[in-house]
Amino acid sequence: MPKGTRLIDLMAGMAGRREPHVLATVVETIGSTSAYPGDKALIDGAGTVLAGWIGGGCAESTVRQAALDGLRDGQPRLIGLDLDDEVLGVGMPCGGAMRVFVEPVLPPPGLWVIGHGRVAESLCRLGAELGFRVIVSDTPAPDPVRYPDAAELIGDDYDFSRLAPAQGDSVVIATQHKGDHLSAVRALRSPAGYVAIIASRKRAGLMRDFLREEGFTDDELARLHAPAGLDLGARTPEEIALSVIGELVMLRRGGSGAERKAAPRRLVTAPALVEAR
């Protein structure tokens with residue numbers, strides 16, 4: 001098997017199973033090292049090296065820890081390893097140093113759209129455009145023609161038993177009051193990071209009353225966004241979908257939703273030339 005083939009196959013399999021993983025690549029070495037530029041290692045979500053090589057001993061331990069840090073915050077990082085300093089380095093007096101690029105590979109977040117209609121269709125389209133893995137669930141079964149961008153279609157799930165968002169996924173309920181109380185219970189009991197209901201303020205209040213009777217605390221209900229979306233003055237289904245997606249992105253990226261008004265620009269003119277005397 002050619003070098004790297006097993007690693008590539010493992011990465012493809014993990015991506016297909018939506019398993020987070022990390023690719024660590026040696027990008028530079030100085031002096032005596034056991035790994036060389038271009039050497040790679042595949043690390044799983046538990047910090048285990050599944051394939052490849054980026055140096056042994058404490059060097060591998062340091063890279064594994066950086067991989068776990070990357071999986072937590074989703075950010076790649078370039079780490080330097082001093083292999084010649086037992087005190088300030090990684091405890092391996094090899095006489096060299098190297099830099100390793102640690103790149104987390106996270107599955108795209110899921111967006112569960114529960115319901116039907118033009119709002120649901122627009123949510124599917126916008127969500128896919130923004131990189132979400134969109135799952136549409138409706139009863140009766142969704143029409144594939146109306147949801148060409150959906151990664152998965154779920155039909156006739158009357159008790160919402162297949163509504164199983166993972167941590168970090170988002171759930172938007174657009175059932176137009178048809179079973180929205182049941183799907184909300186299921187969604188709030190899941191690790192979904194965002195749960196929203198497209199509803200009027202009156203309906204949203206009734207939903208909260210129902211959920212309190214189901215045993216949800218105020219802290220748990222704070223996860224529920226109802227009515228869903230930012231206040232854009234939206235009227236059309238497409239505008240409503242945009243307001244919901246906007247709120248979802250704002251919360252994921254830590255935005256405020258405030259207007260990004262730039263400071264007034266001043267007209268800067270070149271200084272007048274001073275005539276020589």
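The structure reproduced in this document is the subject of the present report. Given the structure is predicted, the values throughout are model-derived calculations rather than measurements.

## Side note on the overall build of the protein chain
Here's step 1: Check the secondary structure of the protein chain and you find 7 helices and 11 strands.
Here's step 2: For the protein chain, the proportion of contacts with a sequence separation of at least 24, taken over those separated by at least 6, is 53%.

## Concerning the nonpolar core
Here's step 1: Counting 23 residues, the largest nonpolar core has Val171, Ile197 and Leu211 as its most contacted members.
Here's step 2: Residue assignment for this core shows that the elements contributing at least two residues are β6 (110–115), β9 (170–174), α4 (180–188), β10 (194–197) and α5 (201–213).
Here's step 3: If you tally residues by element for this core, the top one is α4, at 4 residues.
Here's step 4: When neighbours within four sequence positions are excluded, Val171 is seen to be in contact with Trp112, Ile114, Leu163, Pro165, Ala187, Ala192, Tyr194, Val195 and Ala196.

## Remarks on helix α2 (residues 57–73)
Quick reminder: α-helices carry 3.6 residues per turn. Residues three or four places apart thus point the same way.
Here's step 1: With 17 residues, α2 ought to run about 24 Å at 1.5 Å a step, and its terminal C-alpha atoms sit 25 Å apart, in line with that.
Here's step 2: Taken as a whole, α2 has its buried residues at Ala59, Val63, Ala66, Ala67, Gly70 and Leu71. Relative to the axis of α2, the buried residues are bounded by an arc of 140° and lie together on one face. What points out from α2, more than 90 degrees from its buried face, is the exposed set Gly57 and Arg72.
Here's step 3: Buried residues in α2 make contact with β1 (21–31), β2 (40–44), β4 (77–82) and β5 (96–105).
Here's step 4: Two residues or fewer after α2 comes Gly74, characterised by a positive phi angle close to 75°.

## Side note on the side chain of Thr139
Here's step 1: By the element assignment, Thr139 lies in the loop between β7 (133–138) and β8 (152–155).
Here's step 2: Once residues within four sequence positions are removed from consideration, Thr139 is found in contact with Asp156, Asp157, Tyr158 and Lys178.

## Focus: the sheet that holds β8
Adjacent strands of a sheet form backbone hydrogen bonds with each other and so pair up, either parallel or antiparallel.
Here's step 1: Spatial ordering of the open sheet is given by β8-β7-β6-β9-β10-β11, a layout of 6 strands whose pairing is parallel. The open sheet is flanked by β8 and β11 (224–225), the only strands paired with a single partner.
Here's step 2: Both β7 and β8 contribute to a ladder of 4 bridges, which runs parallel. By the bridge assignment, Ile135 is partnered in β8 with Glu152.
Here's step 3: Across the sheet, helix α7 (residues 237–253) lies against β6, β9, β10 and β11, angled at about 160° from β10, the strand it touches most.

## Brief notes about the environment of Arg186
Here's step 1: Position of Arg186 among the secondary structure elements: in helix α4.
Here's step 2: Arg186 gets classed as partly exposed once you look at its relative accessible area, which sits at 35%.
Here's step 3: Between the C-alpha atoms of Arg186 and Arg162, which are 24 residues apart in sequence, the distance is 9.7 Å.
Here's step 4: Not counting the four nearest positions on each side in its chain, Arg186 is found in contact with Phe160, Ser161 and Leu163.
Here's step 5: Among the polar contacts made by the side chain of Arg186, one reaches the main-chain carbonyl oxygen of Leu163 at a distance of 3.0 Å.

## Here's the deal with the packing of α4 against α5
To describe two helices that pack against each other, one gives the angle between their axes and the distance between the axes.
Here's step 1: At a minimum axis distance of 11 Å, the contact between α4 and α5 shows a crossing angle of 60°. Compared by their axis directions, α4 and α5 come out oblique. Of the two elements, α4 crosses α5, and the hand of that crossing is right-handed. Across the interface between the two elements, Asp180, His181, Ala184, Val185 and Leu188 of α4 pack against Arg203, Met207, Phe210 and Leu211 of α5.
Here's step 2: Looking at the contact of α4 with α5 residue by residue, the classes come out as 6 nonpolar, 1 polar and 2 charged.

## Describing a nonpolar patch on the surface
Here's step 1: On the surface, a cluster of nonpolar side chains totalling about 240 Å² of accessible area is made up of Val27, Leu78 and Phe101.
Here's step 2: Counting through the fold element by element, Leu78 comes out in strand β4.

## Quick word on the pairing of β10
Two faces make up the sheet, and in a regular strand the side chains alternate between them.
Here's step 1: Burial along β10 is two-sided: Tyr194 and Ala196 and Val195 and Ile197, pointing in opposite directions, are all buried.
Here's step 2: In the sheet, β9 pairs with β10 via 4 bridges, with the strands oriented parallel. Of the residues in β10, the one forming a bridge with Ser170 is Tyr194.
Here's step 3: Read as a crossover between parallel neighbours, the route from β9 over α4 to β10 is right-handed.

## Section: the pattern of salt bridges
Here's step 1: In total, this model carries 11 salt bridges according to the counting rule given.
Here's step 2: A salt bridge links Arg133 to Glu152, with the shortest nitrogen-to-oxygen separation between them at 3.5 Å. Of the two residues, Arg133 is situated in strand β7 and Glu152 in strand β8; the sequence distance between them amounts to 19 residues.
Here's step 3: Classification of Glu152 as partly exposed rests on a relative accessible area of 27%.
Here's step 4: Linked by salt bridges that have partners in common, Arg133, Glu152 and Arg162 make up one network.

Rules used in this analysis
- Residues numbered from 1 in each chain as written.
- Predicted model: local features only at pLDDT ≥ 70, side-chain atom pairs only at ≥ 80, totals over all residues.
- Heavy atoms only, no water.
- Helix = DSSP H or I, 4+ residues; strand = E, 2+ residues; numbered from the N terminus.
- Contact = heavy atoms within 4.5 Å.
- Core = buried A, V, L, I, M, F, W, Y, C linked by side-chain atoms within 4.5 Å.
- Buried < 20%, exposed > 50% of the residue type's maximum accessible area, 1.4 Å probe, protein only.
- Expected span 1.5 Å × (residues − 1).
- Arc of directions from axis to C-beta.
- Pairing = 2+ DSSP bridges.
- Axes fitted to C-alpha atoms, helices over the stretch in contact; angles between N-to-C directions.
- Polar contact = N/O pair within 3.5 Å; in protein donor to acceptor, adjacent residues only side chain to side chain.
- Parallel < 35°, antiparallel > 145°, perpendicular 65-115°, else oblique.
- Left-handed = near helix turned anticlockwise from the far one by under 90°.
- Nonpolar A, V, L, I, M, F, W, Y, C, P; charged D, E, K, R; others polar.
- Patch = residues over 30% accessible without salt bridge, like charges linked within 9 Å, V, L, I, M, F, W, Y side chains within 5 Å.
- Areas by Shrake-Rupley, 256 points an atom, 1.4 Å probe, with all protein chains shown as cover.
- Salt bridge = Lys/Arg side-chain N within 4 Å of Asp/Glu carboxyl O.
- Right-handed = clockwise from strand over helix to strand, strands pointing away.

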